[in-house]
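Architecture and fold: a report
What follows is each chain in one-letter form.
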Amino acid sequence: MEFPFDINNIFPEKITILDQTLVSGDKSTGRPDLQSKMASVIDELGKASSKAQQLPAPITSACKLQSNRHYLYLIKDETSNGGHGAGVGFLKVGYKKLFLLNQRGAHIEAEPLCVLDFYITESLQRHGYGLELFDFMLQHKQVEPALMAYDRPSAKFLSFLAKHYCLTQSVPQVNNFVVYDGFFLNKSVGQ
Ligand code: ACO
């Protein structure tokens, strides 16, 4: 996704980690001009994600990021748009307190890291960008995919998890979250 400004100037690294502060490295601290450009990249990718998932409204925007304790990993292609770079996609994660059912149907209270939104621009899907982003997040958060929960995953995302992380055996839940077999290892049953 191209923008009428230099993406490489706003996001120096290939993958940028953003949180509530909406600061990308030292450079954007105290720079409202850079922060507003950053916000428009997040907003446009957030809109494209909701369209791709046929959601009634975006679940990712700069404003929402500033008011929640989420992490957003944003990936760019530095070479496109005549060297100005382009936004490729993002992955948003956050901790959520969930009541889940284990394999025996017993209630478990947990606060796992959850994938909340994940999007790679249409023309670049199936090029390995999603995997690069996801692996980066796993490294940064020091977590295993089986220990995470997935909020309303799309068919493409389910296929992605099966292909790259062999996650196929999900445990049925009564909410919108999907968790896999390995999630319940070493977790005790609550009341
Ligand atoms: N149809 C089916 N499976 C797909 C598709 C597709 N169009 N695109 C990606 N995948 C899955 C497949 O398993 C594929 O492997 P294959 O080509 O051998 O079948 C694998 O992902 C490819 O891996 P990457 O190239 O690393 O993935 P990609 O860069 O495409 O990112 C993502 C995956 C984020 C799911 C992307 O396809 C996308 O943005 N889809 C549209 C939005 C979406 O559904 N996001 C998930 C929302 S759910 C949530 O966030 C909790």
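Here, the structure is the one placed above.
Below is a summary of the structure that appears in this document.

What counts and what doesn't
Residues numbered from 1 in each chain as written. Predicted model: local features only at pLDDT ≥ 70, side-chain atom pairs only at ≥ 80, totals over all residues. Heavy atoms only, no water. Helix = DSSP H or I, 4+ residues; strand = E, 2+ residues; numbered from the N terminus. Rg over C-alpha atoms; globule rule 2.2 N^0.38 Å. Buried < 20%, exposed > 50% of the residue type's maximum accessible area, 1.4 Å probe, protein only. Contact = heavy atoms within 4.5 Å. Areas by Shrake-Rupley, 256 points an atom, 1.4 Å probe, with all protein chains shown as cover. Lys, Arg positive; Asp, Glu negative; His and termini not counted. Charge placed at Lys NZ, Arg CZ, Asp CG, Glu CD. Expected span 1.5 Å × (residues − 1). 1 Å grid on protein atoms, 1.4 Å probe; cavity = no way out; pocket = protein on both sides within 12 Å on 5 of 7 lines; lining within 4 Å. Points joined across faces, edges and corners; volume = space filled by probe spheres on them. Nonpolar A, V, L, I, M, F, W, Y, C, P; charged D, E, K, R; others polar. Arc of directions from axis to C-beta. Near = heavy atom within 4 Å. Polar contact = N/O pair within 3.5 Å; in protein donor to acceptor, adjacent residues only side chain to side chain. Sits in = over half its atoms within 2 Å of the grid points.

**Looking at the overall build of the chain**
Summing up its helical and strand segments, the chain has 5 helices and 9 strands in all. For the chain, the N- to C-terminal ordering of α and β elements is α-β-α-α-β-β-β-β-β-α-β-α-β-β. Taken over the C-alpha trace, the chain has a radius of gyration of 17 Å; the compact-globule value for 191 residues is 16 Å, and the two agree within 12%. Overall, the chain is about 55 × 35 × 30 Å in size when its C-alpha atoms are taken along their principal axes. A burial count over the chain gives 45% of its 191 residues as buried. Long-range pairs, those at least 24 residues apart, make up 62% of the contacts in the chain with a sequence separation of at least 6. In the structure as shown, the chain presents an accessible area of about 10300 Å², 50% of it carried by carbon and sulfur atoms. When the 19 basic and 19 acidic side-chain charges of the chain are each reduced to a single mean position, those positions are 5 Å apart.

**Looking at the side chain of Thr 16**
Its place among the elements puts Thr 16 in strand β1 (residues 15–18). The class for Thr 16 is buried, based on a relative accessible area of 7%. With residues near it in sequence (within four places) discarded, Thr 16 still touches Phe 11, Ser 24, Leu 72, Tyr 73 and Leu 74.

**A short note on helix α4 (residues 129–141)**
Three or four residues apart is the spacing at which side chains of an α-helix point the same way, because the helix has 3.6 residues per turn. With 13 residues, α4 extends 18 Å between its outermost C-alpha atoms, agreeing within 8% with the 18 Å of an ideal straight helix rising 1.5 Å per residue. For α4, the complete set of buried residues consists of Tyr 129, Gly 130, Leu 133, Phe 134, Met 137, Leu 138 and Lys 141. The elements touched by buried residues of α4 are β1, β2 (70–77), β3 (86–95), β6 (113–120), β7 (149–151) and α5 (155–165).

**Observations concerning the layout of surface pockets**
Its volume calculated, the largest pocket comes out at about 1000 Å³. Looking at the largest pocket, it is lined by 36 residues, and the ones nearest its centre are Phe 118, Ser 154, Lys 156, Phe 157 and Phe 160. Among the secondary structure elements, those contributing two or more residues to the lining of the largest pocket are β6, α4, β7 and α5. Of the residues contributing to the lining of the largest pocket, the split by class is 17 nonpolar, 10 polar and 9 charged.

**A word on α5**
Residues of α5 that are buried include every one of Phe 157, Phe 160, Leu 161 and Tyr 165, and no others. Down the axis of α5, the smallest arc covering the buried residues is 95 degrees, so these residues share one side. Away from the buried face of α5 by more than 90 degrees, exposed residues Ala 155, Lys 156 and Lys 163 are located. Residues of α5 that are buried make contact with β6, α4, β7 and β9 (177–180). Among the residues trailing α5, Cys 166 stands out with phi positive, at a value near 55 degrees.

**A word on the site of the ligand**
Inspection of the region around the ligand gives 23 residues, with Phe 118, Gly 128, Ser 154, Ser 159 and Lys 163 positioned closest. Between the ligand and Arg 126 there is a distance of 2.8 Å, counted from an oxygen atom to a backbone nitrogen or oxygen. Measuring from an oxygen atom of the ligand, one finds a backbone N or O atom of Leu 131 at 2.9 Å. For the ligand, whose accessible area on its own is 950 Å², the fraction buried by protein is 86%. In this structure the site holding the ligand corresponds to the largest pocket. When residues of the shell around the ligand are traced back to their parent elements, those giving at least two are β6, α4 and α5. Here the shell around the ligand takes 6 residues from α5, the largest share from any one element.

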